[in-house]
Amino acid sequence: MASSAAQIEADNVAAEGEVPAAGTVPAIVARRTMARSFYWRGWTIQQIAEEMELPYHTVYSWKVRHKWDDAPAIQRAEEGTLERYLTLLAKDKKTGGDFKEIDLLGRQFERLARVAKYADGGSEADLNPARSKGAKATNAKKEKTKNLITRDMLAKLRADLETGLFGHQSVWLSSTALRTRMILKSRQIGATWYFARERLLVALETGKNQIFISASRAQANIFRNYIVQWVQKVCGIALAGDPMVLQRGEDEDGEPLEAVTLYFLGTNYRTAQGYTGDVIIDECFWIYGFEELFKVASAIATHKQFTRTLFSTPSTLAHEAYPMWTGERVNRRRAKADRLKIDIDHDALKGGALGPDGIWRQIVTVFDAISGGFDLVDVEELQLEYAADEFDNLFRCLFLDDSQSMFPFALMRRCMVDSWDAWHKDFQPYALRPYEGEVWLGYDPNASESATADDAALVAIAAPTKPGGKFRILEKQRLKGLQFPEQAAAIRAMAGKYNVTKIGIDVSGAGKAVHQLVAKWFPSAEAITYSVQTKSAMVIKAKDVITKGRLEFDAGWLDMMAAFMAIRPELTKYGVTYVASRAGGVGHADLAWATMHALFFEPLDITESVGGGSTLEIFS
């Protein structure tokens with residue numbers, strides 16, 4: 001390459017009228033560089049030619065051919081700096097001034113490099129490193145104050161928690177340090193509320209990360225919302241971030257404490273395998289794939305310093321978590337003589353007990369909570385609203401035997417999805433218009449003429465976008481204590497949010513009045529009259545859809561799961577029909593029937609076209 005460059009230079013010089021001798025090409029290049037240096041310093045062509053004893057036209061040719069006038073200022077400065085720098089370095093005896101100038105020129109090289117970087121698309125920080133350091137320092141300072149909970153704030157949070165607990169929550173507080181806790185609880189006794197606060201305090205006091213796992217991200221975010229609201233109320237600061245990184249300030253000696261992170265996970269818990277910390281699993285008896293989940297949870301909390309807390313309302317005896325509750329899981333690989341005996345009777349676990357397998361278990365029924373001072377529910381009202389077996393499952397912590405159900409847990413769990421992840425492309429639940437596609441509404445009204453006797457249920461279902469496609473339950477509402485006009489108004493409000501093309505309403509009882517009101521603004525609303533044949537057809541259609549994996553709803557909707565699981569066949573004098581356990585016409589299977597009203601618009605043979613109808617969009 002060097003010889004080729006030298007040949008090119010020789011050819012250039014020859015073209016200018018000079019005939020170089022052997023070995024003179026480098027000397028000619030040096031002379032041309034010197035001439036360019038003179039020119040960039042302001043010398044004229046004539047002055048350069050006279051100084052260097054060169055023909056005028058040679059210097060002029062160099063200037064034109066090598067475009068000396070087009071060179072950018074930074075190139076001229078760099079070359080002049082380099083020339084002076086090399087001259088000073090070549091001096092045998094350097095003065096103090098020479099050394100100062102060499103240092104100055106070195107710093108000048110750095111400045112010219114920054115200018116070049118800025119000219120090549122850089123930022124102002126390239127010109128002024130102090131700005132860059134200042135920005136980094138500012139950002140670092142902001143990070144230290146973001147989500148900062150000081151020792152004083154922590155003390156306030158601890159005091160606020162301990163002064164506002166019911167008896168059963170105080171028992172949980174005393175068990176905080178236990179390695180593994182498994183709590184079977186009644187519905188609506190403040191478990192999620194309590195454990196959100198407990199784990200926040202543990203994170204701040206110990207520096208251990210907290211990993212909250214639920215059936216869906218929407219459900220996991222309930223933990224997050226409780227934490228944000230509590231800290232806002234007590235400390236006056238708004239926590240942010242997901243995952244949420246908390247700054248802990250300084251210890252008593254003034255040393256900075258490491259930050260701690262709170263993770264809120266749904267079905268994406270598999271991505272947490274690299275995390276370490278305490279694990280909290282919400283509604284463990286309802287989560288699909290519990291065995292796989294608990295393996296991940298065990299890996300996260302492998303070190304003995306970390307804890308595992310599981311709590312849930314009971315689901316079915318067939319759930320994967322049930323063997324862990326009974327101790328069957330730990331006894332599977334043990335010889336009969338070595339099997340551990342674990343008492344899971346309510347009397348044994350009412351106050352909590354540490355089993356021989358190292359798991360602390362507790363059963364907290366609604367009656368246990370009330371005996372500990374819990375005064376937020378009326379048991380007599382609950383017993384009127386729910387059938388005996390429903391009440392036992394929801395409030396007395398008794399597991400369901402779904403062997404007779406038309407929709408057992410093993411079948412229904414395929415409907416459970418993390419809607420935040422699975423539907424994020426076309427469904428925004430908090431938008432004014434959450435979904436743009438076709439939607440069908442199903443409504444199961446109050447079962448008696450008294451509007452206060454029963455819950456009603458309203459569901460919005462995204463219709464399949466192609467034959468054989470999936471149904472998605474986008475929204476559900478439980479309506480209680482509403483008169484007929486108010487129920488009709490609720491249906492109209494939901495119709496205003498979606499592109500509703502079909503509405504199905506049960507009119508076999510009190511729903512007739514609701515249907516009449518809805519038909520005034522939606523004339524094609526379908527009136528469904530219950531009979532043995534109609535109910536059988538609806539159940540068969542729903543089971544066909546679910547068996548084929550065509551129905552989806554958020555995995556956190558445990559009431560939807562329970563509603564379907566409650567439906568079972570019953571023999572009557574008219575033949576086999578399908579019922580849900582009800583007392584006085586009351587029960588929570590209304591969500592399932594409302595869903596089936598909407599699914600029933602699609603023929604059992606999906607190759608047939610769906611019945612005609614009209615589209616109504618309501619604009620307020």
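Structure shown above.
First, a word on what this report is: a plain description of the structure on this page. Residue indices follow the written sequence of each chain, beginning from 1 at its first position. Note on the predicted model: pLDDT of at least 70 is required for a residue's local features to be given, and 80 or more for side-chain atom pairs to be given and counted; whole-chain, interface and lining totals, by contrast, use all residues. Heavy atoms throughout the structure, all of them, feed into the side-chain values; hydrogens and water do not.

**Overview of the overall build of the chain**
Each helix corresponds to a stretch of at least 4 residues labelled H or I by DSSP, and each strand to a stretch of at least 2 residues labelled E; elements are numbered beginning at the N terminus. The helix and strand tally for the chain stands at 26 helices and 17 strands. When a residue's accessible area, from a 1.4 Å probe over protein chains only, is under 20% of the maximum for its type it is buried; when over 50% it is exposed; and in between it is partly exposed. In the chain, which comprises 620 residues, the share counted as buried stands at 45%. Contacts spanning at least 24 positions in sequence make up 67% of the contacts within the chain whose residues lie at least 6 apart. Every accessible area reported is derived by Shrake-Rupley at a probe size of 1.4 Å, with residue values counting cover from the shown protein chains alone. As presented, the chain carries roughly 30,700 Å² of accessible surface, and 53% of it is formed by carbon and sulfur atoms. Here a residue-residue contact requires only that any non-hydrogen atoms of the pair lie within 4.5 Å.

**Quick notes on the pairing of strand E12 (residues 471-480)**
For strand E11 (residues 455-462) and E12, the ladder comprises eight bridges, and the chain directions are antiparallel. Among the inter-strand pairings, alanine 462 is bridged to a residue of E12, identified as arginine 472. Only when DSSP finds a minimum of two bridges between them are two strands counted as paired.

**Focus on the sheet that holds strand E5 (residues 278-282)**
Pairing is mixed in the open sheet, where eight strands are placed in the order E3-E4-E2-E5-E6-E1-E8-E7. The two strands at the open ends of the sheet, each matched to only one other strand, are strand E3 (244-246) and strand E7 (353-354). Direction of pairing for E7 relative to strand E8 (residues 359-364): antiparallel, over a ladder of two bridges. When the bridges of E8 are listed, alanine 353 appears paired with arginine 361. Helix H11 (residues 191-206) contacts strand E1 (180-185), strand E2 (210-213), E3, strand E4 (260-265), E5 and strand E6 (308-312) of the sheet and is inclined by roughly 160° relative to E2. Here an axis means a line fitted to C-alpha atoms, over the contact stretch when the element is a helix, while the angle between two N-to-C directions is reported on a 0 to 180 degree scale. Contacts between helix H12 (residues 217-235) and the sheet are confined to E2, E3, E4, E5 and E6, with E4 contributing the most and set at about 140° to the helix.

**Structural notes on the sheet that holds strand E14 (residues 526-528)**
Taken in spatial order, the seven strands of this open sheet run E9-E15-E12-E11-E10-E13-E14, and their pairing is mixed. Edge positions in the sheet fall to strand E9 (416-417) and E14, since each of these pairs with one other strand and no more. As paired elements, strand E13 (residues 499-506) and E14 share three bridges and run parallel to each other. Pairing of isoleucine 505 across the sheet is with alanine 527, part of E14. In the packing of helix H22 (residues 484-497) onto the sheet, the strands contacted are strand E10 (438-444), E11, E12 and E13, and the crossing angle to E11 comes to about 15°. Of the strands in this sheet, E10, E13 and E14 touch helix H23 (residues 511-519), which is tilted by about 155° from E13.

**Thoughts on the environment of methionine 494**
Its place among the elements puts methionine 494 in helix H22. Given the relative accessible area of 1%, methionine 494 is considered buried. Remark: the alpha-carbon pair of methionine 494 and glutamine 477, spanning 17 residues in sequence, is separated by 9.5 Å. In this view, methionine 494 contacts Leu441, Leu458, Val459, Ala460, Glu475 and Gln477; residues no more than four positions away in its chain are not counted.

**Remarks on the nonpolar core**
In this description, a nonpolar core means a group of buried Ala, Val, Leu, Ile, Met, Phe, Trp, Tyr and Cys residues linked to one another through side-chain atoms lying within 4.5 Å. Among the nonpolar cores identified, the biggest contains 75 residues, and Ile281, Phe407 and Met596 are the most heavily contacted of them. Membership of the second largest hydrophobic core comes to 36 residues, among which are Ala203, Ile227, Phe264 and Phe311.

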